[in-house]
Amino acid sequence: MTEATTQTPQMVQRQLDVEREYVRILYARLDALRQEKAEELARVRRTDTGSNHQSRSERDAFATHYEDRLAQLNSVDNRLVFGRLDATDDDGAHTRYIGRIGLATEDHQRLMVDWRAREAAAFYQATARHPMGVRRRRHLILDGRDVTAIEDDVLDPQMLGEDGVLQGEGALLAALNSKRTGRMTDIVSTIQAEQDRIIRAPLPGVHVVQGGPGTGKTAVALHRAAYLLYEHRERLRKSGVLIVGPSSSFLWYIDRVLPSLGETGVVMSSLADLYPGVHGVPECNREVARIKAGLDMADVIRQAVRDRQKVPATDQKLRADSYEVVLPRKLVRRARDKARATGKPHNQARATFVKIVLRELADRLGQDLNKRSGNAIDRSYLVEDLRQAPEVRKALNLCWLPVSPETLVRQVFAKRHYLDSAFRTYTSAQRDLLARAADAPLTVSDVPLLDEAAELLGDLEEAGVRFRTSEAERAKATENAEKALYNMHQSLEDVGVDGVVTAADLTAFNEESEYRMTAAEAAHADRTWAYGHVVVDEAQELTPMQWRVLMRRCPMKSFTVVGDIAQGGAASAATSWDAALEPFVGDRFALDELTVNYRTPAAIADAAVAVARAARLKISTPKAVRDGQAPLLTQLPTNTDDAALAAEVADQTQAEVEAVAGGLVAVIAPEHRVAHLGEVLSGRLPGKVGAGMRRVENSVVVLSTWEAKGLEFDSVVLVEPSEIVEEYDGVGSLYVAMTRPTQRLRIIGAGAMPAGLTAS
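Residues numbered from 1 in each chain as written. Predicted model: local features only at pLDDT ≥ 70, side-chain atom pairs only at ≥ 80, totals over all residues. Heavy atoms only, no water.

What follows concerns the sheet that holds strand E4 (residues 110-114). Spatial strand order, E3-E4-E2-E1-E5-E6: six strands in an open sheet with mixed pairing. Two strands bound the open sheet, and with one partner strand each, they are strand E3 (103-104) and strand E6 (146-154). Two elements, strand E1 (residues 81-89) and strand E2 (residues 92-99), share eight bridges in a ladder whose sense is antiparallel. Bridge pairing links Asp-86 to Thr-95 in E2. (Pairing = 2+ DSSP bridges. Helix = DSSP H or I, 4+ residues; strand = E, 2+ residues; numbered from the N terminus.)

Right under this line is the structure:
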């Protein structure tokens, strides 16, 4: 219940003074904690641990702890506190302040409750019908460290007559009407009840959040990640949380949210970066992308690996020093079958294959030599002789060569005999389409194939070689240290110094120290890392093979999946959540739907819905909280050339910049027009138009529909909607583009417009 009361300037000022004083106390405590942790960190770094490895490890652990805590304290300065609850419970009346982290005095008196704590849930969930003991919910609006406004939601009617109750425009509407900055901000102060229920859902299982444009899906997913890290700190501290987004631009757009919520250790990855060390470029051909998307690619890669386990066409005569041996096809086949039967990955199973072949060749050669000499002597040395023989090594490598995932995937598309074998169930035309040069860049569609190949291949044997080389180098360094200490021995005795330095100590001292990665860094670099929870945004875009990779990353199947089936634009975008998840978890997932559109004004949302429904696209229609202005449509003659179109776009973009003064304007266009429009707009609006992944730092941005996915802008100038429909073979991406603005939408196109798109 929220009713207006008569507010005098004196009443407002009194309440502002009260809150300003309390906020001053909170910031003073924050500053004191920062200073305390900085001093503790400096003290730990100054600690001299000598040569004691355990002491150094303890020092590093303490340093990491203080660094993480200091990073958290430094990241929450903006809007540190945003709420206050006046409530009653079994312990009587009390007041709690709600903020980004928990704060307490030196003697452990609570000053502020972390928004994720259970005591803070009422701030988001209490209503007049279910007040949860709350009498008043107060929102504090801060500018820097100063309280500039207060507004109250009164849930106890008896408080309405009190002179401490203040009303305002509403924290939510104020946030919705604020200018976009090109970076996503948290919604911690304005989380709504339906969002909060999803954020605080239990950790286990797969939770799917379906929501139309502007419903806050991404914000809910990020706040849920922060909540889970708070609520299940011990469980997730070492395993970590992985957040997957559709593109690098999207991840850059959201990367400030979690630090602002006090979490800095989450791993974030785009679909193109799920395989360590590889950044997949876009897959330009939609048919190729569709082929690589299916789960049958697992069989393709399995066959590609088996194709590296060869049996020669004929028996081979091989020279080994002064001996000549025959490598029979039957022996190779038998050794191959036994190596496969071990169930080990290709590169590890090779050791079994080589061992069997060498042992049998050595036995045969030894028997032959003993027969010739008439002496039965031990010839076990022959195994090593054969191993070192160049012709034997070459023959074994041709039969079973160690291979990396990158090499396997590149060769399967570059070498026709490998391509034809691995894709034997596909048509010749499809194989022609898949063929490419060996040095062609790996694509985002190749990333799951790399991951599948890595599972089947295992580690290269060269890793063991590097390890042995490292040990040899250390042994040599220790030997040199022993010689140096021996030479110093007499000098040390002369000055009365006993031998307190060992060779191992000296080696360790001179050895370059290993960089200690954080858990997040280690997880990002390790393909086999098992995460405690995975958040997937824009999940409707994932292919079955991409889901297979993510399920491998989280064996416990603890997922938060957010998206909108109607917004799918990829070649193999999901048609339903059942279809997307059934191969991996069956029907064992919970589905929640967000029903309120906070971003898109109703007039623009209705226009987008009309386009989607005209194409018979099944969509959810969340209720918009604001009315707004209808889209402005400019239809140019069919024969309009590129120069005239670009000039019209520049004119209307300039008008939008003026209309949303200080806001962010996006020009969303078909991929092939982005570069040209960027050049034209840069000439018209010098210094305001950006390019590259971080172009959203500028006041005018030029993006493809794929790059715009998940982002939001004050105004959108949408170019050639018919081409966008053709580019993505459907209206899904057009629907996405139309729902990016928070205020205004202009549409420009030559010729016929997509069905459902009419002038206002």
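Attention now moves to the packing of helix H26 (residues 642-659) against helix H27 (residues 671-684). Remark: H26 packs on H27, axes separated minimally by 10 Å, with the N-to-C direction vectors making an angle of 55°. If you check the angle between H26 and H27, you find them oblique. Crossing hand, H26 versus H27: right-handed. Where H26 abuts H27, its residues Asp-642, Leu-645, Ala-646, Ala-647, Val-649, Ala-650, Asp-651, Thr-653 and Gln-654 lie against Arg-673, His-676, Leu-677, Val-680, Leu-681 and Arg-684. Looking at side-chain class alone, the contact of H26 with H27 contains eight nonpolar, three polar and four charged residues. (Axes fitted to C-alpha atoms, helices over the stretch in contact; angles between N-to-C directions. Parallel < 35°, antiparallel > 145°, perpendicular 65-115°, else oblique. Left-handed = near helix turned anticlockwise from the far one by under 90°. Contact = heavy atoms within 4.5 Å. Nonpolar A, V, L, I, M, F, W, Y, C, P; charged D, E, K, R; others polar.)

For the coordinates displayed, the defined rule picks out two cavities of 30 Å³ or more. Quantified by volume, the largest cavity comes out at close to 100 Å³. What lines the largest cavity is a set of 13 residues, among which Leu-274, Ala-523, His-524, Tyr-531 and Arg-553 lie closest to the centre. Counting residues per element, the ones that place at least two in the lining of the largest cavity are strand E9 (267-270) and helix H22 (519-525). Empty space within the second largest cavity amounts to approximately 30 Å³. Classifying every residue of the lining of the second largest cavity gives three nonpolar, two polar and one charged. (1 Å grid on protein atoms, 1.4 Å probe; cavity = no way out; pocket = protein on both sides within 12 Å on 5 of 7 lines; lining within 4 Å. Points joined across faces, edges and corners; volume = space filled by probe spheres on them.)

Along the chain, Pro-131 falls in the loop between helix H3 (121-125) and strand E5 (134-143). Residue Pro-131 is classed as partly exposed on the basis of its relative accessible area, which comes to 28%. Separated by 24 residues in sequence, Pro-131 and Leu-155 have C-alpha atoms that sit 6.3 Å apart. Those residues in contact with Pro-131 that lie beyond four places of it in its chain are Ala-126 and Leu-155. (Buried < 20%, exposed > 50% of the residue type's maximum accessible area, 1.4 Å probe, protein only.)

Next up on the list: helix H11 (residues 297-306). Most of H11 sits inside the fold, with seven of its ten residues counted as buried. Met-297, Ala-298, Val-300, Ile-301, Gln-303, Ala-304 and Val-305 are the residues of H11 that are buried. Buried residues belonging to H11 abut helix H10 (286-293), helix H13 (346-373), helix H16 (405-414), helix H17 (416-422), helix H19 (447-457) and helix H23 (544-553).

This paragraph deals with the UniProt feature "binding site: ATP" (unreviewed entry) in the chain. The sites that carry the UniProt feature "binding site: ATP" (unreviewed entry) are, in the present numbering, Gly-211, Gly-212, Pro-213, Gly-214, Thr-215, Gly-216, Lys-217 and Thr-218. Residues within four places of Gly-214 in sequence aside, it is in contact with Val-596, Asn-597, Tyr-598 and Arg-599. In this fold, Thr-215 is placed in the loop between strand E7 (206-211) and helix H6 (217-231). Among the residues examined, Thr-215 registers a relative accessible area of 0% and is labelled buried. With residues up to four places along the chain from it excluded, the contact list for Thr-215 reads Gln-195, Leu-594, Val-596, Asn-597, Tyr-598 and Pro-622. A distance of 2.8 Å separates a polar side-chain atom of Thr-215 from the backbone oxygen of Gly-212. (UniProt positions renumbered as here; feature names shortened; annotations may be inferred. Polar contact = N/O pair within 3.5 Å; in protein donor to acceptor, adjacent residues only side chain to side chain.)

Moving on, we come to the side chain of Arg-740. Note that Arg-740 resides in the loop between helix H30 (732-738) and strand E22 (741-750). At 5.4 Å, Glu-538 is the nearest oppositely charged side chain to Arg-740, a buried residue that forms no salt bridge. A polar atom in the side chain of Arg-740 sits 2.8 Å from the backbone oxygen of Val-736. Sequence-distant contacts of Arg-740, that is, excluding residues within four places in its chain, are made with Pro-213, Gln-567, Arg-599, Ile-668, Ala-708, Gly-710, Leu-711, Glu-712, Phe-713 and Val-716. (Lys, Arg positive; Asp, Glu negative; His and termini not counted. Salt bridge = Lys/Arg side-chain N within 4 Å of Asp/Glu carboxyl O.)

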